[in-house]
Amino acid sequence: MLKKLDEIKSKAIDELSGISDIKALEDWRVRYLGKKSALTQVLRGLSALPVGERKRVGASANETKDMLEAALAQKSEELKETELALALERGGLDVTLPGRPIPLGRLHPVTQILQEICDIFASMGFQVVEGPEVEWDYYNFEALNIPRDHPARDMFSTFWIDFENERGERPMLLRTHTSPMQIRIMEKTRPPVRVVVPGKIYRYEATDATHETMLYQIEGLAVDENITLADLKGTLYEFARRLFGAERRVRFRCDYFPFVEPGAEMAIDCFICGGSGCRLCSNTGWIEIMGAGMVHPGVLRGVDYDPDTYTGFAFGMGVERIAMLRYGIDDIRLFYSNDLRFLRQF
Ligand code: DAH
């Protein structure tokens, strides 16, 4: 058997030296290393041999195999090099041609803005957390002071999930805002709380240039002792200046959101016209960028925070809207229509 292996080896090496093209090399590989080759037969037959012989023949067969494989790899390299040299000689290969481009991906404009916003708040001590997109009615509405039949539910066009509980209710939905995470976070932690929550939200809406059924929001929440409206204003003012330029001015006006009291809408002065009025700001000089307010005492009580000890502020903004302002995009649908001509611009 050992003699047979020696024969195989020398015959194979002999033949290999005469090979000068890739096709013949492949035939050689099949003949000497393929499934039906004599060497493979020897390896397969090992188990039938007596132990002592099995060891010797096995070692030798494996050694032969390794050696033939190494010789094959070397020959293959040599052949490739000669073919390259020949092609160069014939002029068939132009090494001055540009290489094949490697397609390079990039971050979606919404992702870029999202990261930028999170970075700004992170630098002010806010933690970034995420939450579920499929939510319970309780977190999305109830715990945020929006009970069943409350007219404030009309502010949200909702996708309900077809899931019925034992009481015949359908309490599951696609979250309509990131605010439910305020509750989930406060349920799990004690103050001080400082978080921002980026994530997707869903609304049952007809799409147009300013409405989408899926979009991103960033929620913010800070709760501690002695947090006042001044903290809210200072934090959001700093945020606006970092994102839209140090010369920005901000405006807060009363607004209604059931989970804050007082509630506000924040606007920045228009960075196109500087406040004199243009198309972007609909001639008002101001651009609304988010809702905010002081966390409602009822909301705090609901998560077992004593509103006499703790106060807090919350805010929420649409990320696409910020990206549209920042890049001068006039149709929200562009973000999710996957047109590379659009996406490559960022
Ligand atoms: N969740 C509100 C919305 O989607 C936005 C909002 C307003 C969030 C005021 C807040 C807030 O945290 O304080 O319209």
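Here the structure, examined in full by the defined rule, presents 22 salt bridges. The shortest N-O distance in the salt bridge between Arg-167 and Glu-169 comes to 3.5 Å. With relative accessibility at 62%, the residue Arg-167 sits in the exposed group. By relative accessible area, Glu-169 is classed as partly exposed at 27%.

Right, let's talk about the site of the ligand for a bit. Contacts to the ligand come from 15 residues, most closely from His-177, Ser-179, Arg-203, Gln-217 and Glu-219. A distance of 2.9 Å is found between a nitrogen atom of the ligand and a side-chain nitrogen or oxygen belonging to His-177. Structurally, the ligand is housed in the largest pocket. Those elements that provide at least two residues to the shell around the ligand are β5 (214-224), β8 (286-295) and β9 (311-318). Residue composition of the shell around the ligand, grouped by class: 6 nonpolar, 7 polar and 2 charged.

Quick look at helix α10 (residues 319-327) now. Among all positions of α10, only Val-319, Glu-320, Ile-322, Ala-323, Met-324 and Leu-325 are buried. Each element contacted by the buried residues of α10 is listed here: α5 (109-123), β5, α8 (229-244), β8 and β9. In the stretch just after α10, Gly-328 is the one whose phi turns positive, near 70°.

Each assigned domain of the chain is listed here: domain 1 (2-90) and domain 2 (109-343). Each of domain 1 and domain 2 has a C-alpha centre, and these two points are 68 Å apart.

All right, on to the packing of helix α1 (residues 2-17) against helix α3 (residues 38-45) then. Between α1 and α3, the least distance of the axes is 10 Å, while the angle of their chain directions is 150°. Judged by the angle between their axes, α1 and α3 are roughly antiparallel. Handedness of the α1/α3 crossing: left-handed. Residues Lys-4, Leu-5 and Ile-8 of α1 lie in contact with α3, whose contacting residues are Ala-38, Leu-39 and Val-42. The residue makeup of the contact of α1 with α3, split by class, is 5 nonpolar, no polar and 1 charged.

Here is what the cut-offs are and how they apply
Residues numbered from 1 in each chain as written. Predicted model: local features only at pLDDT ≥ 70, side-chain atom pairs only at ≥ 80, totals over all residues. Heavy atoms only, no water. Salt bridge = Lys/Arg side-chain N within 4 Å of Asp/Glu carboxyl O. Buried < 20%, exposed > 50% of the residue type's maximum accessible area, 1.4 Å probe, protein only. Near = heavy atom within 4 Å. Polar contact = N/O pair within 3.5 Å; in protein donor to acceptor, adjacent residues only side chain to side chain. 1 Å grid on protein atoms, 1.4 Å probe; cavity = no way out; pocket = protein on both sides within 12 Å on 5 of 7 lines; lining within 4 Å. Sits in = over half its atoms within 2 Å of the grid points. Helix = DSSP H or I, 4+ residues; strand = E, 2+ residues; numbered from the N terminus. Nonpolar A, V, L, I, M, F, W, Y, C, P; charged D, E, K, R; others polar. Contact = heavy atoms within 4.5 Å. Domains from an automatic or database assignment. Axes fitted to C-alpha atoms, helices over the stretch in contact; angles between N-to-C directions. Parallel < 35°, antiparallel > 145°, perpendicular 65-115°, else oblique. Left-handed = near helix turned anticlockwise from the far one by under 90°.

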